[in-house]
Amino acid sequence: MQNIILFDPEARKHLLPLSATRPVGEFRLGILTIREKWERLFRAPVSYITQDYLHDRYPIHIGSDNLVINACILPDQKAYDLFRTLETGQALIRNDELMAVRLDEAQFELLVSDESLGNLDGRNLDDQAPLTLFTRLWDLNRLNAQALLSDFELLTRGRESQPVSATNQVLGEHPVFLEEGAKVECSVLNTTNGPIYIGKNAEVMEGCLLRGPIAICDQAILKMGAKIYGPATIGPGCRVGGEVARSILFANSNKGHEGYLGDSVVGEWCNFGADSNNSNLKNNYSEVRLWDYAEERFAKTGEQFCGLFMGDHSKCAINTSFNTGTVVGVFANLYGAGFHRNFVPDFSWGGPEAGYRTYKFNEACEVAQAVMARRGKEFTDLDKGVLYRIYDNTAPFRTWEKEKA
């Protein structure tokens, strides 16, 4: 069996803060994560070449026959067909960037040791090659519809849905697919623009309005009266109410009350207080700029609609407001009247009126432990070690620390 290894390319730096706590292959885009897509396509295990502080949590497995793939490639049938034809020692290059390479164990060790393709057979691909990459945060929203349709086909091909209760109203020509244990009652499911997927043991409570393409992943819950506009992904274990449009929630995050979330991407273990809202369109309808960790500046997105990008374990109190194109780092605890900054650094505590201070590391870990325990998850020493590295790496962005020094 071929062994699949995903490597984090340089673009990983532009995908912060979402890539701070995970390899890029753990991003959820569509219904599945990048890793889960490749595992299903190749029917083979996947591991990672990633940042050193993530190695213990996401260890690499090296086999006798290794296919090493750029983790920023969106997996689909065309990419699979291209990569599976590679011969041992052959690499695919596009615009001087490695897309994929097939290596035996000895070749892999040599590649890792000198970080060079050496004498491998390199094949250059033109820009028309059937590969789709996400290299910036806003690419995730832009590509989610494509990923949803691809994953829906991958997961449902040749299978029958659980029956949809007669209490629901179903519109449109695209399918609705319910996995085992999914519950949907007294809701409107509009598939005019795309399919609707409801994962295992997920629940759509009474009065919800869904307009596909949408994925409500395993064990997620839509609260009564939720309004979801696709393309949207509600990740495993998430709790969502109010209005959500064209957004992705990775997993185990809560937006359980009224309020608007649009054109946004939210990591894991985040929480939104009641009536929290974000803007996704500037009043003058101009192009949105978004904070880029790698460039340490606000970068042009080319997008008119662009909302909130929030790292893992960040939380906001009731009535919190986020402006168009806002990036919130890992472990921010936010509150107060008025709009927060368009970039809130990792481990920030405070708001527009009171100002910001540093979220003490030990206090943050105590909260993470309590939050994860409620879902039956353990906050491990590995988790703590990862967060400490992020805490240390992102200190330069917390400018108030310098002012007090």
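Keep in mind that what you see is a predicted model, and the values were worked out from it rather than measured.

*Asks:* I'd like to hear about the overall build of the protein, residue by residue, with values.
*Replies:* Helix and strand counts for the protein stand at seven helices and 35 strands. For a compact globule of 405 residues, the expected C-alpha radius of gyration is about 22 Å, and the protein comes in at 21 Å, within 12% of that figure. Dimensions along the principal axes, computed over C-alpha positions, put the protein at roughly 65 × 60 × 45 Å. In the protein, which comprises 405 residues, the share counted as buried stands at 55%.

*Asks:* Residues and numbers for the pattern of salt bridges, please.
*Replies:* A full pass over the atoms with the stated rule returns 18 salt bridges. Between Arg-22 and Asp-312 there is a salt bridge, with the nearest N and O atoms lying 2.8 Å from each other. Residue Arg-22 is located in the loop between strand 1 (3-7) and helix 1 (34-42), and its partner Asp-312 is located in the loop between strand 28 (308-310) and strand 29 (315-316); the two are separated by 290 residues in the primary sequence. Of the two residues examined, Arg-22 and Asp-312, each falls in the buried class.

*Asks:* Residues and numbers for helix 4 (residues 137-156), please.
*Replies:* With 20 residues, helix 4 extends 28 Å from end C-alpha to end C-alpha; this agrees with the ideal 28 Å at 1.5 Å per step. Gly-158 occupies a position one or two residues after helix 4 and carries a positive phi of about 75°.

*Asks:* I'd like a description of the pairing of strand 27 (residues 297-300), backed by residues and values.
*Replies:* Of the strand pairs in this sheet, strand 26 (residues 289-292) and strand 27 are connected by four bridges, and their pairing is antiparallel. Residue Asp-292 lies in a different strand from strand 27, and its bridge partner there is Arg-297. What sits between the antiparallel neighbours strand 26 and strand 27 is a turn of four residues, in which Glu-296 has the positive phi angle 55°.

*Asks:* Let's hear about the packing of helix 1 against helix 4: which residues, and what values?
*Replies:* The contact between helix 1 and helix 4 brings their axes to 11 Å, and the two run at 40°. For the element pair helix 1 / helix 4, the angle class is oblique. Between helix 1 and helix 4 lies a crossing of left-handed hand. For the pair formed by helix 1 and helix 4, the contact residues are Lys-37, Arg-40 and Leu-41 on the first element and Ala-147, Asp-151, Leu-154 and Leu-155 on the second.

*Asks:* Report on the environment of Ala-332, specifying residues and quantitative values.
*Replies:* Mapping Ala-332 onto the fold places it in the loop between strand 31 (326-328) and strand 32 (333-334). Considering only alpha carbons, one finds Ala-332 and Arg-389, 57 residues apart in sequence, at a separation of 16 Å. In contact with Ala-332, other than residues within four places in its own chain, are His-313, Ser-314, Lys-315, Val-344, Pro-345, Phe-347 and Ser-348.

*Asks:* Kindly report on the sheet that holds strand 16 (residues 227-229), identifying the contributing residues and their values.
*Replies:* In a beta sheet, neighbouring strands pair by backbone hydrogen bonds and run either parallel or antiparallel. Here we have six strands laid out as an open sheet, ordered 7-10-13-16-19-22, and parallel in their pairing. Both edges of this open sheet fall to strand 7 (169-171) and strand 22 (260-262), since each of them pairs with a single strand only. Direction aside, the axes of adjacent strands within the sheet are offset by 5° on average. With three bridges connecting them, strand 10 (residues 188-190) and strand 13 (residues 209-211) associate as parallel partners. Paired with Asn-190 across the two strands is Arg-211, which belongs to strand 13.

*Asks:* Go over the side chain of Arg-28, please, and point to the residues and values.
*Replies:* Mapped onto the elements, Arg-28 comes out in the loop between strand 1 and helix 1. What makes Arg-28 buried here is its relative accessible area of 10%. Side-chain polar atoms of Arg-28 contact the backbone oxygen of Ile-31, separated by 2.8 Å. Every residue in contact with Arg-28, bar those within four places of it in the chain, is listed here: Thr-33, Glu-36, Cys-217, Thr-233, Gly-235, Pro-236, Ile-248, Leu-249 and Phe-250.

*Asks:* Which residues make up the environment of Ala-20, and what values do they have?
*Replies:* You can see Ala-20 is positioned in the loop between strand 1 and helix 1. Along the chain, Ala-20 and Gln-90 lie 70 residues apart, while their C-alpha atoms are 31 Å from each other. In this structure, Ala-20 is in contact with Arg-12, Tyr-53, Leu-54, Val-330, Val-386 and Ile-390, ignoring residues within four places of it in sequence.

*Asks:* Please give an account of the packing of helix 5 (residues 361-373) against helix 6 (residues 381-393) that cites residues and values.
*Replies:* With their axes 11 Å apart at the nearest point, helix 5 and helix 6 run at an angle of 140° to one another. In terms of axis orientation, helix 5 runs oblique to helix 6. Crossing hand, helix 5 versus helix 6: right-handed. Residue-level inspection shows Phe-361, Asn-362, Cys-365 and Met-372 of helix 5 in contact with helix 6, the latter providing Asp-383, Lys-384, Leu-387, Tyr-388 and Tyr-391. The class makeup of the residues in the contact of helix 5 with helix 6 is six nonpolar, one polar and two charged.

*Asks:* Explain the nonpolar core to me, and be specific about the residues and the numbers.
*Replies:* The biggest cluster of nonpolar side chains holds 72 residues, and the ones touching the most others in it are Trp-38, Ile-69 and Phe-83. Those residues in contact with Trp-38, other than ones at most four positions away along the chain, are Leu-6, Arg-43, Val-46, Ile-69, Ile-73, Pro-75, Ala-79, Tyr-80 and Phe-83. Core analysis: the second largest hydrophobic core is formed by 37 residues, Leu-178, Ile-196, Phe-272 and Val-328 among them.

*Asks:* How would you summarise helix 1 if you had to cite specific residues and measurements?
*Replies:* The α-helix advances 3.6 residues per turn, and as a result positions three or four apart in sequence lie on the same side. All of the buried residues along helix 1 are Ile-34, Arg-35, Lys-37, Trp-38, Leu-41 and Phe-42. Within helix 1, the buried residues cover an arc of 160° as seen down the axis, which keeps them to one side.

How each quantity is defined
- Residues numbered from 1 in each chain as written.
- Predicted model: local features only at pLDDT ≥ 70, side-chain atom pairs only at ≥ 80, totals over all residues.
- Heavy atoms only, no water.
- Helix = DSSP H or I, 4+ residues; strand = E, 2+ residues; numbered from the N terminus.
- Rg over C-alpha atoms; globule rule 2.2 N^0.38 Å.
- Buried < 20%, exposed > 50% of the residue type's maximum accessible area, 1.4 Å probe, protein only.
- Salt bridge = Lys/Arg side-chain N within 4 Å of Asp/Glu carboxyl O.
- Expected span 1.5 Å × (residues − 1).
- Pairing = 2+ DSSP bridges.
- Axes fitted to C-alpha atoms, helices over the stretch in contact; angles between N-to-C directions.
- Parallel < 35°, antiparallel > 145°, perpendicular 65-115°, else oblique.
- Left-handed = near helix turned anticlockwise from the far one by under 90°.
- Contact = heavy atoms within 4.5 Å.
- Polar contact = N/O pair within 3.5 Å; in protein donor to acceptor, adjacent residues only side chain to side chain.
- Nonpolar A, V, L, I, M, F, W, Y, C, P; charged D, E, K, R; others polar.
- Core = buried A, V, L, I, M, F, W, Y, C linked by side-chain atoms within 4.5 Å.
- Arc of directions from axis to C-beta.

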